[in-house]
Amino acid sequence: DARVLPAFHNWLLTVHVMSPIPVARPDVERNQSESLAHFLSHPAAANPMPATQEQATTAFSSPYWSDTSQRPMAEAIHGRQMGNYLERFRPNPYTRRPSTGELASLRGVETIVICPNWFDDHVIHRCMSPLTHGLRKSGGRAVRIYRELLRGHTRPATDWQDQTTDIFHSEQDPITDVASICRELRELKIDFAFHPEVVPINPSSWMASERVARVQATGYGFPVTTGLGTMDYFVGGRMVEPESTTGADYTERLVLLPGLGVSTTPPPIPEVLRTRPVDDDQVRICATASKAKLGTEMLAAWNAVQEGEVKTSLTFFSNMSPSEAAHRSGAIGRLLCHGEAELICGIPRNDLVASMVDADLYLDSFPFGGFNSLVEALVFGVPVVTLEGQQARSRFGAAILRKLGLPSFLIAHSYQEYVAAAKRLIRDAGLRQGIRDQLGSPEQVLQGLADPDMSAHFDAAVTWMRDQGPKGRNDLPPVYIEAGETPRVLSV
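Report on the accompanying structure. Everything numeric here is computed off the predicted structure, so don't read it as measured data.

Some words on empty space enclosed by the protein
Then, in step 1: If you walk through the whole model with that rule in mind, you get 4 cavities of 30 Å³ or more.
Then, in step 2: Counted as a void, the largest cavity has a volume near 60 Å³.
Then, in step 3: If you go around the largest cavity, the residues you meet are His78, Met82, Leu86, Val198, Ser205, Trp206, Ser209, Thr226 and Leu228.
Then, in step 4: Looking at the lining of the largest cavity, the element that brings in the most residues is helix 4 (residues 71-87), giving 3 residues.

Observations concerning a nonpolar patch on the surface
Then, in step 1: A surface patch of nonpolar side chains, amounting to about 300 Å² of accessible area, comprises Phe8, Trp11 and Val15.
Then, in step 2: When you line up the elements, tryptophan 11 lands in helix 1 (residues 5-18).
Then, in step 3: Among the residues examined, tryptophan 11 registers a relative accessible area of 40% and is labelled partly exposed.

A closer look at the sheet that holds strand 8 (residues 283-288)
Then, in step 1: A sheet is described by the order of its strands in space; here 6 strands give the open sequence 10-9-8-11-12-13, paired in parallel fashion. In this open sheet, the two strands that pair with only one neighbour each are strand 10 (340-345) and strand 13 (411-412).
Then, in step 2: In the sheet, strand 8 pairs with strand 11 (residues 361-363) via 2 bridges, with the strands oriented parallel. Note on strand 11: the bridge partner recorded for isoleucine 285 is leucine 361.

Some details on the state of the cysteines
Then, in step 1: Within the structure shown, the criterion is met by 0 disulfides.
Then, in step 2: The thiol of cysteine 127 is unpaired, and the distance to the nearest cysteine sulfur, on cysteine 115, comes to 9.4 Å.
Then, in step 3: Between cysteine 345, a cysteine without a disulfide, and cysteine 286, which holds the nearest cysteine sulfur, the sulfur-to-sulfur distance is 15 Å.
Then, in step 4: Note on cysteine 345: relative accessible area 26%, which makes it partly exposed.

With respect to the packing of helix 10 (residues 296-306) against helix 15 (residues 415-427)
Then, in step 1: Orientation of helix 10 relative to helix 15, taken along the N-to-C sense of each, is 35°, at an axis distance of 9 Å. The chirality of how helix 10 crosses helix 15 is right-handed. Here helix 10 contributes Glu297, Ala300, Ala301, Trp302, Ala304 and Val305 to the contact with helix 15, which in turn contributes Tyr415, Tyr418, Val419, Ala422, Lys423 and Ile426.
Then, in step 2: Of the residues contributing to the contact of helix 10 with helix 15, the split by class is 10 nonpolar, no polar and 2 charged.

Section: the packing of aromatic side chains
Each aromatic ring pair is summarised here by two numbers: the centre-to-centre distance and the angle between the ring planes.
Then, in step 1: Within the structure shown, the criterion is met by 12 aromatic pairs.
Then, in step 2: With 5.8 Å between their ring centres and 35° between their planes, phenylalanine 8 and tryptophan 11 make a pair best called tilted. Taken as a pair, phenylalanine 8 and tryptophan 11 lie in helix 1 at a separation of 3 residues, close to a single helical turn.
Then, in step 3: Taking the relative accessible area as the measure of exposure, phenylalanine 8 reaches 42% and is therefore partly exposed.
Then, in step 4: Ring plane angle 70° and centroid distance 5.0 Å describe the contact between phenylalanine 366 and tyrosine 418, whose orientation is recorded as edge-to-face. Residue phenylalanine 366 is found in the loop between strand 11 and helix 13 (372-379), and its partner tyrosine 418 is found in helix 15; the two are separated by 52 residues along the sequence. Just as phenylalanine 366 is buried, tyrosine 418 falls in that class too.
Then, in step 5: Members of the aromatic cluster, connected to one another through ring pairs, are Tyr220, Phe234, Tyr250, Phe371 and Phe396.
Then, in step 6: Over the ring of phenylalanine 409 we find arginine 424, and its NZ or CZ is 4.0 Å from the ring centre.

Rules used in this analysis
- Residues numbered from 1 in each chain as written.
- Predicted model: local features only at pLDDT ≥ 70, side-chain atom pairs only at ≥ 80, totals over all residues.
- Heavy atoms only, no water.
- 1 Å grid on protein atoms, 1.4 Å probe; cavity = no way out; pocket = protein on both sides within 12 Å on 5 of 7 lines; lining within 4 Å.
- Points joined across faces, edges and corners; volume = space filled by probe spheres on them.
- Helix = DSSP H or I, 4+ residues; strand = E, 2+ residues; numbered from the N terminus.
- Patch = residues over 30% accessible without salt bridge, like charges linked within 9 Å, V, L, I, M, F, W, Y side chains within 5 Å.
- Areas by Shrake-Rupley, 256 points an atom, 1.4 Å probe, with all protein chains shown as cover.
- Salt bridge = Lys/Arg side-chain N within 4 Å of Asp/Glu carboxyl O.
- Buried < 20%, exposed > 50% of the residue type's maximum accessible area, 1.4 Å probe, protein only.
- Pairing = 2+ DSSP bridges.
- Disulfide = S-S within 2.5 Å.
- Axes fitted to C-alpha atoms, helices over the stretch in contact; angles between N-to-C directions.
- Left-handed = near helix turned anticlockwise from the far one by under 90°.
- Contact = heavy atoms within 4.5 Å.
- Nonpolar A, V, L, I, M, F, W, Y, C, P; charged D, E, K, R; others polar.
- Phe/Tyr/Trp six-rings, centres within 6.5 Å; stacked < 30°, edge-to-face > 60°.
- Lys NZ or Arg CZ within 6 Å of the ring centre and 35° of its normal.

Below, the structure written as structure tokens:
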């Protein structure tokens, strides 16, 4: 009945799909996935009611459950529903208007980097800032859009210290304020805007839905397409995307750089390095997973890794609050019934790294893998097991291990291979020591992953994107760009 479809879709995309999440029975997760598929195939999805931010969060969360393409979901929620929602605020006569001081520093600027999380130690800045060194050196500026209550709480990133513009929106009218800010930015005639991440849990998705610059691009800060026609290009890495990629999983045109398409910064070095012998009777397994990554299949795999093994323990770190952990601990405990398991929430990064140093094995999350956490484990000699999928978000671990030349069995292609590889390492201390020897010192690992030309590759890509101009929704094959070489369109 068309009269109740809007209310039904609202319930489907919020209450049903987001609860219970992320830990539920496998049949519940299957039902949630099937419900989303039915929604996307329903005629009403083509012309939906305006979405709320809660519904947009569904599109943000669904990549954590599945390794399939998220383009249909991103286009339906971000590209259409959120577009309808924000369209209602664009003509709003209320205008906050950014202060003269906020915008004065952007006058005459041709290139900006838009990211609320552009500050030291944030994972987005750590993996994406090395790409933007050239933009900074050529006079670009970082733009951070924040809630008014956060004024003065976050210092600018050290490398962009003198080239950061902070603009604040009110608590009462955030979307109206952001729409007003975007109108002001458009009047500045900025030529190129790079969005390191586009997610609905901060103003980055609202900013990306507007065309504040002539040409706009995003990248691996959140390695999923935005679904927005206002974003022209998605910057990725040749080693991360599947060899046979056509770019069809992205609404944006896919622009591939050599290597990983991201970089990293050195982690903090603990005061005390590993003291336990590698052949200690107790095998310590560790993992990190945000609350959105804690799905039933991954937890079942972690449980299977310890099943039948003696003297193993699993410690996994999450960003859950104590109340969230208490709410989910029963379901997590039922799924992790073999061996010892400990959940640690909200641990500072320095303490996390110090705990990781003593680990014997690191388990990458799936189907949404890690990047910065994997680098930290490998820097301190911890063998990593990863499950490679078909989307960028499940391929960073495999790309890192290949770049370091580590044994291929560490890269699993199925649930069974993932469990078998972890058990092989648990049972063979000599194998673990061999991998530690191959990794060498922290400096050797970082040198193996670093690409000193990453910024130059990105600069060449920016020049090409600006020359090509805005593209809107993607129907073109990927292009490969390397500094000093002619850009090459990849055949499909």
